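# Analysis of the macromolecular model
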Amino acid sequence: MKYDVVVIGSGIGGYPAAAYLADKGLKVAVVEEHLIGGECTNYGCVPSKAFYQFAESLRGLEKVNASVSYEWRSLVEWVRGVVKDARDGIEYLLGSRGVEVLRGTGKLLSPRRVKVDSESVRLELEANNVILALGTNPADIPVARFDGKGVISNREALYLDEKPRRVLIVGGGVIGVELANIYSSLGVEVTLVELLEHILPFTDRDIAQALRMHLINRGVRVLEKTTLKKAEPRGEDYVAELSTGEKVEVDKVVVAVGRKPRTSGVGLENAGLRLDDKGYVKVDENLETGVPGVYAVGDVVGGPLLAHKALLESIAVAKKITGSGYFKVDYKLVPITIFTGLEVASIGYTEKELLAMGVKYLKYRIPLYFLSAVKIKGYKNAFAKILLDEKKERVLGVHIVAPSASEVISAYLPLYLGKLSLEEAMKTPYPHLTVSESLRDFAEYILGEPIHVLKK
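Analysis parameters
Residues numbered from 1 in each chain as written. Predicted model: local features only at pLDDT ≥ 70, side-chain atom pairs only at ≥ 80, totals over all residues. Heavy atoms only, no water. Phe/Tyr/Trp six-rings, centres within 6.5 Å; stacked < 30°, edge-to-face > 60°. Helix = DSSP H or I, 4+ residues; strand = E, 2+ residues; numbered from the N terminus. Buried < 20%, exposed > 50% of the residue type's maximum accessible area, 1.4 Å probe, protein only. Contact = heavy atoms within 4.5 Å. Pairing = 2+ DSSP bridges. Axes fitted to C-alpha atoms, helices over the stretch in contact; angles between N-to-C directions. Core = buried A, V, L, I, M, F, W, Y, C linked by side-chain atoms within 4.5 Å. 1 Å grid on protein atoms, 1.4 Å probe; cavity = no way out; pocket = protein on both sides within 12 Å on 5 of 7 lines; lining within 4 Å. Points joined across faces, edges and corners; volume = space filled by probe spheres on them. Nonpolar A, V, L, I, M, F, W, Y, C, P; charged D, E, K, R; others polar.

For the rest of this paragraph, the subject is the packing of aromatic side chains. For the structure on display, the rule yields five aromatic pairs. Here Y43 and Y159 contribute two aromatic rings whose centre-to-centre distance is 6.4 Å and whose plane-to-plane angle is 90 degrees, an arrangement assigned as edge-to-face. Of this pair, Y43 sits in the loop between α2 (38-42) and α3 (45-62) while Y159 sits in the loop between α5 (154-157) and β9 (166-170); the two residues are 116 residues apart in sequence, bridging distant segments of the chain. The residues Y43 and Y159 share a single accessibility class, namely buried. On the basis of an interplanar angle of 50 degrees and a centroid distance of 5.6 Å, the ring pair of F51 and W72 is categorised as tilted. Of the two residues, F51 is situated in helix α3 and W72 in helix α4 (residues 72-96); the sequence distance between them amounts to 21 residues.

Structure below.
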């Protein structure tokens, strides 16, 4: 069977390229060994945000002392339904374009040959081009190996048959803090441990501190500079011993310490592909592997492990293959978004990065609680921070810690890109009541003419 392009992986790094290429008249096959849509659709973005929206609805009711009853299993079934709709949508998108979806494990036999193996089918494909969108798997740790029952990953965390009473989350990165926020909002007792000095160790301390206080206010025990020494079953529960000597009895231990690329058993060595020192597929700035006609995109190449980054890489490679409109992804332009009620959204550099690079910068930070849109949601420690070069000519970083920050960061993108000046932002009628109007207030503040924020 011959194809112009074979895509291994149907997640958000794979299916956009397949759809684009098929629209351009190429014969395309997608090989998927598990569920269409990959990690984001089935275990990450979609189910976590469905749970998140429900949890935030409950939190809103708390403000007026209202209560609501719900059945955990009904909630999980609703989440499953949302995920299935998303998965079916991707499958329809591919099918309507004539993309052939082949179920099974894809393995490279050479740069131009792909074997597809499953219980019911064994095929060998020839391809002019191959796109590897293999993704990642959750990583566990020696003292807490996944057992699918009490020691689990994000893949099981939102599909539990019974609502947990007490949960230990190991790892204070994005997945860890998002799960801590969701579980605590649903009345689960949560302990979150982070090995390093503060949660969200990749970002600045003031951002991490705001999130820490938010989680504590939600009832989460946040233990930094702490790790798990061992976790042992005791009846139906688990006893977790921490590095502090404390023993915590919980229903579930959720290990959220990071991801590992899915690069074993897929024949990379047969095609002469190389891995970097962290185990990710090595690619150049054009997402080429060094082997002509073989590309890799998404989480398997490292960088920010974000769906919107993978999507852009997917489309960029598709354009590269067709020879029309190829673009390079600006990774500092890829927003980091954390969905925790008091959300975090960032583009560009952190202060931590600029200091490490020896770059001098100016920092402007304003509180956002004066915005009624923030008051309504009740986040007194909301703020925004803009980092400028010394001449105030270039925005080096934007960081928003506020409700709806994941949406609001889009309003700040033109400022970061240099396509919107502070003077223009100051005269732009951003809609009221929204958090996006903070951009006008911020421009006024930096230019020395603030209305709602006191000069400093």
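Back to the text.
Looking at where E119 falls in the secondary structure, it is placed in the loop between β5 (113-117) and β6 (122-132). Placed 172 residues apart in sequence, E119 and V291 show a C-alpha to C-alpha distance of 31 Å.

Another point: the side chain of S153. Turning to its location among the elements, S153 is positioned in the loop between β8 (151-152) and α5. For S153, a relative accessible area of 3% translates into the label buried. With sequence-adjacent residues up to four places away left out, S153 is seen in contact with P138, F146, V254 and V255.

Strands sit in the order β12-β13-β14 across an open sheet of three strands; the sheet is antiparallel. Edge positions in the sheet fall to β12 (228-234) and β14 (247-250), since each of these pairs with one other strand and no more. In this sheet, neighbouring strand axes are inclined to one another by 20 degrees on average, regardless of whether the strands run parallel or antiparallel. Inspection of the sheet shows strand β13 (residues 237-242) paired to β14 by four bridges, in the antiparallel sense. Note on β14: the bridge partner recorded for Y238 is V250.

Here we take up the pairing of strand β21 (residues 383-389). For β21, the tally of buried residues reaches seven of seven residues, placing the bulk of the element in the interior. Covered by surrounding structure in β21 are F383, K385, L387 and D389 together with A384, I386 and L388, the residues of both alternating faces. In this sheet, β21 lies alongside strand β20 (residues 361-367) in antiparallel orientation, the contact comprising seven bridges. Counted as the bridge partner of I366 is A384 from β21. Judged from the six bridges that link them, β21 and strand β22 (residues 395-402) form a sheet pairing that is antiparallel.

The subject of this paragraph is the sheet that holds β8. Spatially, β8-β15-β9-β10-β11 is the arrangement adopted by the five strands of the open sheet, whose pairing is parallel. Every other strand in the sheet has two partners, leaving β8 and β11 (221-224) as the edge strands with one partner each. Inspection of the sheet shows β9 paired to strand β10 (residues 189-194) by five bridges, in the parallel sense. Looking across to β10, one finds that V167 is bridged to V190. Lying over the sheet, helix α6 (residues 174-185) contacts β9, β10 and β15 (252-255), oriented at roughly 165 degrees with respect to β10.

Before going further, it helps to examine the nonpolar core. Nonpolar side chains in soluble globular proteins generally cluster together in the buried interior. Ranked by internal contacts, the top residues of the largest apolar core, which has 76 residues, are Y183, I400 and Y412. Setting aside anything within four residues of it in sequence, one finds Y183 in contact with W72, A157, L160, P164, V167, I169, V188, V190 and V254.

This paragraph deals with the layout of surface pockets. Quantified by volume, the second largest pocket comes out at close to 350 Å³. Every residue lining the second largest pocket is counted, 21 residues in all, and those nearest its centre are F339, E343, S404, S406 and E407. Listing elements by their share of the lining of the second largest pocket, those giving two or more residues are α3 and α11 (405-417). Class assignment of the residues belonging to the lining of the second largest pocket gives a composition of seven nonpolar, eight polar and six charged.

Keep in mind that these numbers describe shape and distance, not what the molecule does.
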